[in-house]
Amino acid sequence: RWDNVRFVAIMIDGKSYAQDMMVVALGIVADGTKHILGLRQGATENAQVCKELLESLRERGVATNVPTLFVLDGSKALSAAVASVWGENALVQRCQIHKRRNVKEHLAKGYWPELERRLAEAYGETDYDRALALLKRTASWLAGINPDAAASLREGLEETLTVVRLGVHADLRKTLSNTNVIESAFSVAGQVSRQVKRWRPGDMRWRWCAAGLLHAEEHFRRVDGYRYIDALLAV
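Residues numbered from 1 in each chain as written. Predicted model: local features only at pLDDT ≥ 70, side-chain atom pairs only at ≥ 80, totals over all residues. Heavy atoms only, no water.

A. Spatial organisation of helix H9 (residues 180-192). Over its 13 residues, H9 extends 19 Å from the first C-alpha to the last, a length consistent with the 18 Å expected when each residue adds 1.5 Å. Among all positions of H9, only Val181, Ile182, Ala185, Phe186 and Ala189 are buried. For H9, the angular spread of the buried residues around the axis is 130 degrees, confining them to a single face. Residues of H9 that are buried make contact with strand E1 (7-17), strand E2 (20-29), strand E3 (34-42), helix H8 (170-176) and helix H10 (204-217). (Helix = DSSP H or I, 4+ residues; strand = E, 2+ residues; numbered from the N terminus. Expected span 1.5 Å × (residues − 1). Buried < 20%, exposed > 50% of the residue type's maximum accessible area, 1.4 Å probe, protein only. Arc of directions from axis to C-beta. Contact = heavy atoms within 4.5 Å.)

Here it is, written out as structure tokens:
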């Protein structure tokens, strides 16, 4: 249970595991420590699976009545689930790394270096208005190359800059602007189950994935820039 624990941020991401989809929630508390909060198994990141995961966190004491930063991979199902459970107390930060990948999928590799340069400049800004202007300029540039790439960048564009708008310190922003922490935990989970050759029906995947994630949690360190979490909470 997580009664009386103040989570400043909750990350949610879905990953392929043993040919199935696992959606995991990871929380960061005010002292910078990280905890695996919950796990759901589903065919896709659908809204119902995500909502059940978040409702289970609420039932186990995670406070939904305080402002909480949610770092999401960009899935509309995740955003809908967060809004249905946390309501106006949810501040959404779209994963900048997922956004980069999504836009790149629409472009020939020759355009990637310039795209990376432009996005790095925007995401590295400390002024929200300047960062937003840089992203809009990049979208206009993309529109002349591939309208679908421009549309991909514009979708949820402002939410990729939430950490900039909140004035999060650069050291802490490295953690809160993406879901890399979950990616790393899943990498460990994959190593734990790498010798499994036969996946049986039922909860076998769930049990192995949960065991792997908890093994990864044993080696978690406090997030970079944790000293600046108090300033984020104040905002």
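B. Quick look at the pairing of E1. Of all eleven residues that make up E1, ten are buried, and the element is covered over most of its length. If you look at the hairpin formed by E1 and E2, you'll find two residues sitting between the two strands, and Ala18 has a positive phi there, around 55 degrees. Where E1 meets strand E4 (residues 68-72), four bridges bridge the pair, whose relative direction is parallel. Opposite Met11, over in E4, you have Val71 as the bridge partner. (Pairing = 2+ DSSP bridges.)

C. View of the sheet that holds E4. With mixed pairing, the five strands of this open sheet are ordered in space as E3-E2-E1-E4-E5. Edge strands, defined here as strands with exactly one partner in the open sheet, are E3 and strand E5 (90-94). Here the strands of the sheet are splayed against their neighbours by 20 degrees on average, with no regard to which way each runs. On the sheet, helix H1 (residues 47-59) packs against E1, E2, E3 and E4 and is oriented at approximately 140 degrees with respect to E3. Along the sheet, H10 contacts E1, E2 and E3; its crossing angle with E3, the most-contacted strand, is approximately 165 degrees. (Axes fitted to C-alpha atoms, helices over the stretch in contact; angles between N-to-C directions.)

D. Highlighting the pattern of salt bridges. Tallying each qualifying case throughout the model produces 15 salt bridges. Measuring nitrogen to oxygen at the nearest pair gives 3.3 Å for the salt bridge that ties Glu183 to Arg101. In this pair, Glu183 is assigned in helix H9 and Arg101 in helix H3 (residues 96-104), connecting sequence segments 82 residues apart. The network of salt bridges with shared partners includes Asp13, Lys15, Arg101 and Glu183. (Salt bridge = Lys/Arg side-chain N within 4 Å of Asp/Glu carboxyl O.)

E. Here's a closer look at the packing of helix H5 (residues 128-143) against helix H6 (residues 147-154). Remark: H5 packs on H6, axes separated minimally by 7 Å, with the N-to-C direction vectors making an angle of 160 degrees. In this view, H5 runs roughly antiparallel relative to H6, as classed from their interaxial angle. Considering the relative orientation of H5 and H6, their crossing is left-handed. Residues Leu135, Thr138, Ala139, Ser140, Leu142 and Ala143 of H5 lie in contact with H6, whose contacting residues are Pro147, Ala149, Ala150, Leu153 and Arg154. Class assignment of the residues belonging to the contact of H5 with H6 gives a composition of eight nonpolar, two polar and one charged. (Parallel < 35°, antiparallel > 145°, perpendicular 65-115°, else oblique. Left-handed = near helix turned anticlockwise from the far one by under 90°. Nonpolar A, V, L, I, M, F, W, Y, C, P; charged D, E, K, R; others polar.)

F. Molecular detail of the packing of aromatic side chains. Under the defined criterion, the tally for this structure stands at four aromatic pairs. On the basis of an interplanar angle of 75 degrees and a centroid distance of 5.4 Å, the ring pair of Trp2 and Phe7 is categorised as edge-to-face. As far as the burial class goes, Trp2 and Phe7 line up, both buried. Between Phe70 and Trp86, the ring centres sit 4.8 Å apart and the planes meet at 75 degrees, which makes this aromatic pair edge-to-face. One end of the pair, Phe70, is in strand E4; the other, Trp86, is in helix H2 (residues 76-86), and 16 residues separate them in sequence. Owing to a relative accessible area of 3%, Trp86 belongs among the buried residues under this scheme. Cation over ring: Lys34 sits above Phe220, and NZ or CZ is 5.0 Å from the ring centre. It is Arg222 that lies over the ring of Tyr226; its NZ or CZ is 3.9 Å from the centre. (Phe/Tyr/Trp six-rings, centres within 6.5 Å; stacked < 30°, edge-to-face > 60°. Lys NZ or Arg CZ within 6 Å of the ring centre and 35° of its normal.)

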